[in-house]
Structures are given as structure tokens and as C-alpha cells.
Amino acid sequence: MNLITEPTIPVKIQKMRERVRWKHPSIVERGIDQTSMVISDRQDDNPEFSFLVIGDTGTKTHYGHHPQRQVTELMLPHKDECRFVLHTGDVIYTVGSKEYYSDNFIKPYREFLVGGDNPKRLTYDRMVFNLPFLPVLGNHDYYDVPLMYRVITGSTLQLRRLFRYKDFEIGWHGSNQGDAYARAFLDYTAALKFPEEFPRHLDSQYTAKTDTGRCLRYEPGKFTRLPNRYYTFRYGGIDFFALDSNTFNTPSPIPATQAGDINRRELEKRRQQIEQEELQILATCDKLNANIPAEAEQLDELSAKLDQINEIKIDIEKQLASHNTTDIDFEQLDWLRNRLIASWHTSAVRGRIIYFHHPPYVTEATKWDQAQTLAVRHRLRWVLEQVAETLGSLVKERPVVDLILNGHAHCLEYLRTTNTGYADSHINCIISGGSGRRPRRQRPEGTELMETFSELGNTSIRKVADSHLFVGRSDYLFQKQLPYSAVRIDVQDGSPLKFIVRPLIAERVGEKWYNRHSEPFVI
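Residues numbered from 1 in each chain as written. Predicted model: local features only at pLDDT ≥ 70, side-chain atom pairs only at ≥ 80, totals over all residues. Heavy atoms only, no water.

Enquirer: Would you mind going over the overall build of the protein in detail, with residue names and values included?
Expert: Helix and strand counts for the protein stand at 12 helices and 19 strands. A compact globule built from 523 residues would reach a C-alpha radius of gyration of about 24 Å, and the protein, at 22 Å, matches this within 12%. Dimensions of the protein, computed from C-alpha atoms along their principal axes, come out at roughly 60 × 60 × 45 Å. Counting the 523 residues in the protein, one finds 59% classified as buried. Long-range pairs, those at least 24 residues apart, make up 76% of the contacts in the protein with a sequence separation of at least 6. Both charge centroids of the protein, one from 68 positive and one from 69 negative side chains, sit 3 Å from each other. (Helix = DSSP H or I, 4+ residues; strand = E, 2+ residues; numbered from the N terminus. Rg over C-alpha atoms; globule rule 2.2 N^0.38 Å. Buried < 20%, exposed > 50% of the residue type's maximum accessible area, 1.4 Å probe, protein only. Contact = heavy atoms within 4.5 Å. Lys, Arg positive; Asp, Glu negative; His and termini not counted. Charge placed at Lys NZ, Arg CZ, Asp CG, Glu CD.)

Enquirer: Explain the pattern of salt bridges residue by residue, including any values.
Expert: As a working rule, side chains carrying opposite charge can pair if their charged atoms are close by. Scanning all chains against the criterion turns up 37 salt bridges. The partner of Glu-448 in a salt bridge is Lys-463, and the shortest N-O contact between them spans 3.6 Å. Within this pair, whereas Glu-448 is found in strand S13 (residues 448-455), its partner Lys-463 is found in strand S14 (residues 458-471), the two being separated by 15 residues in sequence. Look at Glu-448 and you get partly exposed, because its relative accessible area is 40%. In this structure, Asp-466 and Lys-463 form a salt bridge, with 3.2 Å as the shortest nitrogen-oxygen distance. We classify Asp-466 as buried; its relative accessible area is 16%. The exposure class assigned to Lys-463 is partly exposed, which follows from its relative accessible area of 30%. Through salt bridges that share partners, Asp-307, Glu-311, Glu-364, Lys-367, Arg-437 and Arg-440 make up one connected network. (Salt bridge = Lys/Arg side-chain N within 4 Å of Asp/Glu carboxyl O.)

Enquirer: Run through the packing of aromatic side chains, naming residues and quoting values.
Expert: The full count for this structure, using the stated rule, is 32 aromatic pairs. Geometrically, the ring pair formed by Tyr-484 and Trp-513 is tilted, given 5.7 Å between the ring centres and 45 degrees between the ring planes. Here Tyr-484, found in strand S16 (residues 479-491), pairs with Trp-513, found in strand S18 (residues 512-516); they are 29 residues apart in sequence, far enough to count as distant. Over the ring of Trp-344 we find Arg-352; its NZ or CZ atom is 4.0 Å from the centre of that ring. Above the face of the Tyr-361 ring, Arg-377 is positioned so that its terminal group lies 5.6 Å from the ring centre. (Phe/Tyr/Trp six-rings, centres within 6.5 Å; stacked < 30°, edge-to-face > 60°. Lys NZ or Arg CZ within 6 Å of the ring centre and 35° of its normal.)

Enquirer: How would you explain the confidence of the model for the protein if you had to name every residue and give the values?
Expert: Confidence along the protein averages 91 in pLDDT terms, with 93% of residues attaining 70 or more. Under a pLDDT of 50 for its full length, residues 151-167 has, in the predicted model, 38 contacts with residues more than four places off or in other chains. (pLDDT = per-residue confidence, 0-100.)

Enquirer: Could you give an account of helix H11 (residues 330-344), naming the residues involved and the relevant values?
Expert: When the terminal C-alpha atoms of H11 are compared, their 21 Å separation across 15 residues agrees well with the 21 Å that a helix rising 1.5 Å per residue should span. Packing partners of the buried residues in H11 comprise strand S1 (32-39), strand S7 (231-235), strand S8 (238-242), strand S9 (351-355) and helix H12 (371-391). (Expected span 1.5 Å × (residues − 1).)

Enquirer: Lay out helix H1 (residues 9-20) in plain terms, naming residues and giving numbers.
Expert: Its 12 residues give H1 an end-to-end C-alpha distance of 17 Å, which sits within 8% of 16 Å, the value for a rise of 1.5 Å per residue. Here H1 has its buried residues at Ile-9, Lys-12, Ile-13, Met-16, Arg-19 and Val-20. Down the axis of H1, the smallest arc covering the buried residues is 130 degrees, so these residues share one side. Those residues of H1 hidden inside the fold are in contact with helix H2 (25-29), S1 and helix H7 (179-185). Where H1 terminates, the next one or two residues include Arg-21, which has phi positive at roughly 50 degrees. (Arc of directions from axis to C-beta.)

In C-alpha cells, the structure reads:
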């Protein structure tokens, strides 16, 4: 049995539906669109605006260092000039547990919260943001600890000792299948206790209007939430689409062929190998003392390796368990297709930005070869192809979307797709996943991403993307350089869209922190 588990896609979808009372009769009769919202800050019609992007945060102080707080302090000088913060997922590590929101979210981002000058008095399910904070779900926000482990061990401390995970952020509750995230950020109407509360809530909170009906009004400084796990909003003439990629990242089934059988055996062998590697790392952890700085640093390094091993194990298990495509969240993908088409037919819209957790293009060492990366890329490509086919000449030389934002990879990266042969060609992609969790290296194969295509019985390999900037772990003169990052994006007036990208980087070298300068660039 694994230390960490992940609910199935049907469970994720159903649980999130229940929490927001998806398509409840009272919602339907009021003509409410549960996937739209309006940011009501009286500046949303300004075509020039800025916003911040962070991702893969949710960590506490590690042996005297708090990378997430270092990144926050870089963000603060930009706070008054930015209209909102986008979060690309993995809000809380390691299993999205509610007990870690106080230390791993509220305290680090206290200046972004009303009442943040006294963070101990704030609760995770009643947070009020003075600057809109707009996240999407990451895989860790859905993770759980198996019930059997909790029953056997009786406490989180004993659990960690039993599995020799020293100082590993595993909560007693886990995420409860994404419940903690939902209570922190979604309009959790299922929590309304009395029958009369629900219609009164709808009439007071869903007062904005869009082309698709009434919707939630997000007001900074007031207790308002996101309408759903995936949603859209318009700001400065740009349509933003926030997606839950955890429900369309299922790997394609392993074919029932001789080649498929060989692939399955190789995956099973690989799983055994990394489980042995995990045991060796845990044995090393047993010998280290967190009170000794040098050993504490080694423990931090080993904890990051355990995190990577867990990701690989889950990716392998998803491949081995994938027998059909019925688990794919086609409802969300169809929604995205239809909303993108409608966006292109709306004269008031001058561009489109999509953000979600799992990057379809990435050169961080642990992600490009994952089956989930390929699955997300294929599903997104499938949607964009349908959009482009429907729009025809309306698209002309422009990409279907202007910018894709992701997390999951622990780095800051800027990529641009080449002519892929599909509708995901020539798209700018930024990965902002280095905002708190330990940074990772770029893959040794370099900055060009090559993809294998099988078309009409022929197999070919062609370049699909180039990485133009990568900010991740590196070593220099026997010292680890660990850069943690966020990004500020300035949206320019006019069409097609132009962005000024400003990397914000805090780098730890040895025991010291430095604000690393990186020149802004235009995309």
C-alpha cells in the first residue's frame, strides 16, 4: 500500500459537484452559470493591467529557511500595481490537508488577506482576500493518506515515524478528496445548514451578469469565492480560463498487444526499482539529525527526492490501471471548447489565457516523459483542434489561445511551441511552479522538445517546442543554487496581445538568500 493515495477521476468530479451543489434546481431556475464570475474591482475594463502568477507553494519553514515567504516578499512591492494573483496549483503540500493552511498559506501570504496582521485568528475556510487570489487544483490538493494507515498508527507523528518520513508534511486528514481546497476557495454552498440560507446566498452573491447568465461576483475585501473547480472570467478584454487538469490527465490505455505486454512489464519493473530506491533513502534519513545544519540540508534534499519518487510511482500506477478512456472529464473539455469558440465570436474580447496545473510542454527533468504530461497535451490539443476547425478563417495567423500558464514542474520556465502540425502551434507557455517547493533541474537533453507522432501508419519525430528560459536548481563550485520564483505579467493595450514578463526570483546559495535579477522580456 502506498503512503499517499489519489481519488479516481469520477470521485473527484462527483465530490466537487456536491460541494457547490452543481446544477441544483434553485441555481437552474435563477439562470446561474456556475462556471463564470466577474471580478468587481472597478478596473476590469482597463486594457492595460498586471497580475502575479505563483504555483507549487504550500510548504512550511524547512530547517530555518522559508522559501515561500521569500517569494512573497518579492511579490509585495508589486501588490498595489497588480489586479489579482493566479495560482497554478499544489496550494498545500503534501496531501492538501486543512491543518497546514495556517502555517503554509495564511502566514506566508498574510499581507494578501484581510486581518492578516494577526494571522493566528484567521481560519482557512473563512479567508477574505484584499487582492483576488484565483487558484486551480493541483494533484497534491487532491491527495490523501490511506484510512488504514491512520487507523493503525493513530496519529500523524506515529505515521511519520512508522514510515520514516522525517518532518514530512503529511496531515492526519489528508485533503479529504479535495475538500480542504474546496472549503478554502470554492463557493461551498453544501455547508449552508438551513434551507432558507441557500436561496438567500444565491441572491446576494450571484449578482453579476454575463452572456451566459447570472454569475458570482468576486469582490476584493469581501467574503466571496470561486464558483467551481474550473471557471472563466473576463478582465481588460481578455478571457481567462481556469481548468482542473487532474480530471483529464489519465494516460492512454496500454494496448493489448505484444508491445503493450512488454511495456507493462517494464513499468512494473521500474516501479519495483524506485520502491527499492525509496527504502534506501528512508534508511539514510534514519541516520540523519535535523538539528545539525549540514544533515538538515541533506534531509531536505532527500525529502525532495521522496516527493519525486512518489510522483513517478503514481504516474506508473495510472498507466498500469488505465484500461479505457471513460474516466476522462469530457464535460470540462467540451465546456472549454464551447467557451473558446464563443470567446472568438465576441468582439469585446481581444485575447485568451488558459491556466491549469499539469504542463503540456516542459523541460524540467522529471516531467516531460510522464504519461500524464502526454495525456494533458493530447487532450488540450484535441480541444484546440476542434476550436480551430470550427472557427476556420476567423483565427487567421493567430494561435487559438495567447498564453498557457502551468505549475507542477518546480521551476520557472518560458517555452514557445513550434509548428506542431496542430492547433497548439506557436503558443507562449509559462510555467510558474517554483514558488515554494524545492526547485528541480532542467533535463539533460536540453531545451528542444521532440515528440513522436504516429500518423497513417508512419512514425515520425519532430520538434514541438523550444525552452527560452529555465530557472531551476543548478550547482556551481560545489554549492547548490536553489532559485524560488514568481512572475509578474504586464498586459499591454491592443491586439494581438503583448505581454511583458517580469521574473521574480529569490535564490538560496548555501545559507544565504539573494534577490536574483532577471531582465523582463516581451512575448
